[in-house]
Amino acid sequence: MKIPCYDCNTETELEVGFEVVNFVCPKCHSLYARDNEGHFRRKNKYSNILKDYPLELGDVGFLNGSEYKVTGILKKKVHPDYTWNEFILQNEAKEFLYLSVSNGHWMMLTEMEKIDQLRKGVKVLKHDDVSYDLFEHSDAQIIDAQGFFDFELPGKLIHLAEFINPPFIISVEKMNNVQTAFHGEYVRKSVIKKAFPKRTMPYQSGVGMIQPSRFDLRNTAIIFCLFALLILTANWYIYKDQVEQNVFNSAIKFNEFNNKEMTTPSFVLNGASAPMTIKVSTAVLNSWANLNIALINEDNGDETYANKDIEYYYGTSEGESWTEGSQSEKFNICGVKAGKYHLSITPMKAPEDFSTSTMNVSVVWNQPSNRNVWLVIIGMIALYFIIRYFKNQFERNRWADSSYSNFD
């Protein structure tokens, strides 16, 4: 179809698959209406002539498995200054598709079958057993247009009611006393860019009305619970047949082994890797002692060393008694695998300590401990609440411009 504009002497040609009711010159934005004889008569002109559209009239893009052509462009405004762009597209099968972009966020819509007239006070709309929450009632004005339209562009305000269930939307328009409903979904900018590779996409800012969150709290909670159950089950299964094994328990005399190495008999550990817990105690008073221990794998010669100080001091100060330290300590050698081992133990005490005579050393392998399991589970719980906080902030930003927000 070719339509001339008498204001700017420009002809606009574009093949469309519908009967054109209104035409707006893409150069000077004069509005033409078809009369009863099929001629286009100039009615008026849009004064808000804008040139910042990301798509242009006649652009062809591949969307939803088909090539669509841009046949019309609208710019709408809601008081006081919120604006967005809408693009009407049609494919060779004469099917319409609608694109809407606001603050760089895109949505793709199709016209729904007729729905019941929207009643006042409706805050939840049901569609295919899915609930859509009312986001906004507003009155929009068309402030600019380009292209070919199969409907009469209204001079009056268009009433909009928008219901959302991100990433989906139902938008109900009442234009020229006719109600029309559209169902849409959020579309990533990269999808539009791929469809129209020659066009520059607008910068994306804020949170889109139906922009999906990066996290689904319900699915995250289910995944974390299943993961926690898996960890607990695996921990139980790995250690269910293992028993606590005392590999060394003795009182070492300082008069025999003070600062001298003592070697234990060999012992065999069977089962999965487990911590080896060393408990050491000695009756030091206002003094210190030290234990140096080496775990030696007789199968491959690997040596693992650990060292622990035992200090205990007491006294009085300004009439009050005080103590510092302890006469016993406990520590672990982590991840000790099955195999044949022996221990090399070197006890030591302060040279001026003549009262401490023995050091008690107890070494136990596979002493029951779920510390690592619970650390992981506590970490997942903490991560869940962090995700929940950011999800809440995301939704708060989404609903910031709505008159029906559940957020304060």
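Everything quoted here is computed from the prediction, not taken from an experiment.

Engineer: Would you take a moment to explain the side chain of Thr277 for this structure?
Structural biologist: As for its placement among the helices and strands, Thr277 is situated in strand 19 (residues 274-281). A distance of 2.8 Å separates polar atoms of two side chains, one belonging to Thr277 and the other to Asn332.

Engineer: Explain the layout of surface pockets here, please?
Structural biologist: Once rolled over the atoms, a probe with the size of a water molecule shows which space is left empty. For the largest pocket, the calculated volume is near 1,100 Å³. Taken together, 47 residues make up the lining of the largest pocket; nearest its centre are Trp84, Glu86, Leu160, Glu162 and Ser171. Considering every element that reaches the lining of the largest pocket, the biggest residue donor is strand 9 (residues 96-102), with 6 residues.

Engineer: Teacher, can you tell me more about helix 4 (residues 371-398) here?
Structural biologist: Along an α-helix, a turn takes 3.6 residues, which lines up residues three or four apart on a common side. Taking 1.5 Å of rise per residue, 28 residues should cover 40 Å, and helix 4 covers 41 Å from first to last C-alpha, within 8% of that figure. All of the buried residues in helix 4 are Val373, Ile377, Met380, Tyr384, Ile387, Phe394, Glu395 and Arg398. Those residues of helix 4 hidden inside the fold are in contact with strand 12 (130-149), strand 13 (158-165) and helix 2 (217-239).

Engineer: I would appreciate a short explanation of the packing of aromatic side chains in the present structure.
Structural biologist: Two aromatic rings, taken as a pair, are described by how far apart their centres are and by the angle between their planes. Applying the stated criterion across every chain yields a total of 14 aromatic pairs. Between Phe87 and Trp106, the ring centres sit 6.0 Å apart and the planes meet at 25 degrees, which makes this aromatic pair stacked. Of this pair, Phe87 sits in strand 8 (residues 82-90) while Trp106 sits in strand 10 (residues 105-111), placing them 19 residues apart in sequence. Look at Phe87 and you get buried, because its relative accessible area is 1%. Relative to Phe390, the ring of Tyr389 lies with its centre 5.4 Å away and its plane at 75 degrees, an arrangement referred to as edge-to-face. Of the residues examined, Tyr389 reaches a relative accessible area of 48% and is grouped as partly exposed. Using a relative accessible area of 53% as the deciding quantity, one classes Phe390 as exposed.

Engineer: Just to check I follow, could you spell out the sheet that holds strand 16 (residues 245-253) for this structure?
Structural biologist: The sheet built from 4 strands is open, its strands ordered 16-25-19-23 with antiparallel pairing. Either end of the sheet is taken by a strand with one partner, and the two such strands are strand 16 and strand 23 (328-336). Taken over all neighbouring pairs, the strand axes of this sheet differ in orientation by 15 degrees on average, direction set aside. Bridge count for strand 19 against strand 25 (residues 358-365) is 6 bridges, and the pairing is antiparallel. Among the inter-strand pairings, Val280 is bridged to a residue of strand 25, identified as Val361.

Engineer: Sorry, what's going on with helix 2 here?
Structural biologist: When the terminal C-alpha atoms of helix 2 are compared, their 33 Å separation across 23 residues agrees well with the 33 Å that a helix rising 1.5 Å per residue should span. Turning to helix 2, its buried residues number three or more, namely Thr220, Phe224, Ala228 and Ile231. Buried residues in helix 2 make contact with helix 4. Backbone nitrogen of Arg218 and a side-chain oxygen of the N-cap are separated by 3.0 Å at the start of helix 2; the cap is Asp216.

Engineer: Before we go on, may I ask you to explain the pairing of strand 13 in this structure?
Structural biologist: Along any regular strand, the residues point their side chains to alternate faces of the sheet. Counting buried residues along strand 13, 6 of its 8 residues qualify, which places the element largely inside the surrounding structure. Strand direction decides the pairing type here: strand 12 and strand 13, joined by 7 bridges, are antiparallel. Bridging from a neighbouring strand, His137 pairs with Ala161 of strand 13. With 7 bridges connecting them, strand 13 and strand 14 (residues 168-175) associate as antiparallel partners. Bridge pairing links Glu162 to Ser171 in strand 14. Between strand 13 and the antiparallel strand that follows it, strand 14, lie 2 residues.

Criteria and cut-off values
- Residues numbered from 1 in each chain as written.
- Predicted model: local features only at pLDDT ≥ 70, side-chain atom pairs only at ≥ 80, totals over all residues.
- Heavy atoms only, no water.
- Helix = DSSP H or I, 4+ residues; strand = E, 2+ residues; numbered from the N terminus.
- Polar contact = N/O pair within 3.5 Å; in protein donor to acceptor, adjacent residues only side chain to side chain.
- 1 Å grid on protein atoms, 1.4 Å probe; cavity = no way out; pocket = protein on both sides within 12 Å on 5 of 7 lines; lining within 4 Å.
- Points joined across faces, edges and corners; volume = space filled by probe spheres on them.
- Expected span 1.5 Å × (residues − 1).
- Buried < 20%, exposed > 50% of the residue type's maximum accessible area, 1.4 Å probe, protein only.
- Contact = heavy atoms within 4.5 Å.
- Phe/Tyr/Trp six-rings, centres within 6.5 Å; stacked < 30°, edge-to-face > 60°.
- Pairing = 2+ DSSP bridges.
- Axes fitted to C-alpha atoms, helices over the stretch in contact; angles between N-to-C directions.

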